[in-house]
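In case you want the letters, here they are:
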Amino acid sequence: QVQLVESGGGLVQAGGSLRLSCAASGGTFSGYAMAWFRQAPGKEREFVAVITWSGGSTVYADSVKGRFTISRDNAKNTLYLQMNSLKPEDTAAYYCAARDGLISTAKLRYDYWGQGTQVTVSS
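1. A few points about the sheet that holds strand 3 (residues 18-25)
Taking strand neighbours across the sheet as the criterion, the 4 strands line up as 1-3-8-7 in an open arrangement whose pairing is antiparallel. Since the sheet does not close on itself, it has two edges, and those belong to strand 1 (3-7) and strand 7 (68-73), each with one partner. In this sheet, neighbouring strand axes are inclined to one another by 15 degrees on average, regardless of whether the strands run parallel or antiparallel. Sheet topology note: the strand 3/strand 8 (residues 78-83) ladder contains 6 bridges and is antiparallel. By the bridge assignment for strand 8, Arg19 is matched with Gln82.

See the structure below:
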């Protein structure tokens, strides 16, 4: 059983930056594909970014491509999301997720979820 705990959210002005972290425990972190999803009030949870177990391949949603960077440190069992040039439409609760398999952009394919961290971008 994998436990995931996100941190690093907060309030930031448009154009600013934040780095989210997701600490994993209870499983073999290096064996999982890891992803970030987000959910704004009244909206469906949507895919943001995903990274392979090795960190060698990443996929991003078009809405964040060129602004966000997903990375991982398997020695520290930690996933990251560097968010630059933030926009008000990036405001959401951000969740990390893990799956034992190939990367996927589909939330239903993920087995483990964190509790989320709130990101609020003011205009």
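2. With respect to the pairing of strand 8
Of all 6 residues making up strand 8, 5 are buried, and the element is well covered by its neighbours. A loop of 4 residues connects strand 7 with strand 8, the two strands running antiparallel in sequence, and Asn77 in this loop sits at a positive phi of about 55 degrees.

3. Observations regarding the side chain of Thr52
Its place among the elements puts Thr52 in the loop between strand 5 (46-51) and strand 6 (58-60). Residue classification places Thr52 among the buried residues on the basis of a relative accessible area of 15%. A polar side-chain atom of Thr52 sits 3.2 Å from the main-chain amide nitrogen of Gly56.

4. What to know about the environment of Asn77
Among the structural elements, Asn77 can be located in the loop between strand 7 and strand 8. Residue class for Asn77 comes out partly exposed when judged on its relative accessible area of 27%. As for Asn77 and Cys22, which are separated by 55 residues in sequence, their C-alpha atoms are 8.4 Å apart. Beyond its immediate stretch of four places on either side in the chain, Asn77 contacts Cys22, Ala23, Ala24 and Phe29.

5. Here we look at unusual backbone geometry
One non-glycine residue with positive phi stands out, namely Asn77, at about 55 degrees. A positive phi angle is found at Ser85, which is not glycine, with a value near 50 degrees. With respect to the helices, strands and loops of the structure, Ser85 is situated in the loop between strand 8 and strand 9 (92-99).

6. Comments concerning the packing of aromatic side chains
Any pair of aromatic rings gets described here by the distance separating the centres and the angle formed by the planes. Per the stated rule, a full pass over the model turns up 5 aromatic pairs. Between Tyr110 and Trp113, the aromatic rings sit 6.3 Å apart at their centres with planes inclined by 65 degrees, giving edge-to-face as the arrangement. When its relative accessible area of 29% is taken as the criterion, Trp113 is described as partly exposed. Pairwise contacts between aromatic rings join Phe37, Phe47, Tyr110 and Trp113 into one cluster. Over the ring of Trp113 we find Arg45, and its NZ or CZ is 4.9 Å from the ring centre. If you follow Arg72 out to its NZ or CZ, it ends over the ring of Phe29, 4.5 Å from the centre.

Reading the values: rules and limits
Residues numbered from 1 in each chain as written. Predicted model: local features only at pLDDT ≥ 70, side-chain atom pairs only at ≥ 80, totals over all residues. Heavy atoms only, no water. Pairing = 2+ DSSP bridges. Helix = DSSP H or I, 4+ residues; strand = E, 2+ residues; numbered from the N terminus. Axes fitted to C-alpha atoms, helices over the stretch in contact; angles between N-to-C directions. Buried < 20%, exposed > 50% of the residue type's maximum accessible area, 1.4 Å probe, protein only. Polar contact = N/O pair within 3.5 Å; in protein donor to acceptor, adjacent residues only side chain to side chain. Contact = heavy atoms within 4.5 Å. Phe/Tyr/Trp six-rings, centres within 6.5 Å; stacked < 30°, edge-to-face > 60°. Lys NZ or Arg CZ within 6 Å of the ring centre and 35° of its normal.

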